[in-house]
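# Survey of secondary and tertiary structure
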Amino acid sequence: MAKKVKCMNCAKSIRWALPEVGEKNLEYVKHCVAVAKRSIVCGETMKTKRINHEQYCKKYREKEECDRNYDNAYSKEITELERKIESYEHRAEHKYEGFEGKRVKENLYCEV
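Keep in mind it's a predicted model, so treat the numbers as computed, not measured. (Residues numbered from 1 in each chain as written. Predicted model: local features only at pLDDT ≥ 70, side-chain atom pairs only at ≥ 80, totals over all residues. Heavy atoms only, no water.)

The subject of this paragraph is the sheet that holds strand β4 (residues 48-50). Taken in spatial order, the 3 strands make up an open sheet running β2-β3-β4, and their pairing is antiparallel. Among the strands making up the open sheet, the edge pair consists of β2 (13-14) and β4. In this sheet, β4 lies alongside strand β3 (residues 39-42) in antiparallel orientation, the contact comprising 3 bridges. Along β4, the bridge assignment pairs Ser39 with Arg50. Each of β3 and β4 is contacted by helix α1 (residues 26-38), which is oriented at about 65° to β3, the strand it contacts most. (Pairing = 2+ DSSP bridges. Helix = DSSP H or I, 4+ residues; strand = E, 2+ residues; numbered from the N terminus. Contact = heavy atoms within 4.5 Å. Axes fitted to C-alpha atoms, helices over the stretch in contact; angles between N-to-C directions.)

Put into structure tokens, the structure is as follows:
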């Protein structure tokens, strides 16, 4: 009989691929990070599951040490990606700092 287990602790759980941050894909990266932080994919059924999802599973296999190390590296990668997103947002906010949209009036008439 299957036992009730957390999908996150299964060796068959798959994590999402994370994109690189750039100015053109900032919103996409934010969405990907949000999805990666809250879900995984079951490698057996290919269904998306919440991180804290529990279910009765016949195909559950306990994670090994290398899988746990990979999870730790993945969480660090997500944290680093969040820092890069904040950096890009900060740069975008201060890109036009000091520019109030003032126009320089040109002298169109010459005095003779």
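Every α-helix winds through 3.6 residues per turn, so residues three or four apart in the chain are directed the same way. In a regular helix each residue adds 1.5 Å, so 13 residues correspond to 18 Å; α1 covers 19 Å between its end C-alpha atoms and thus fits that length. When we look at burial in α1, the residues that qualify are Leu26, Val29, Cys32, Val33, Val35 and Ala36. Buried positions along α1 lie against β3 and α2 (65-93). (Expected span 1.5 Å × (residues − 1). Buried < 20%, exposed > 50% of the residue type's maximum accessible area, 1.4 Å probe, protein only.)

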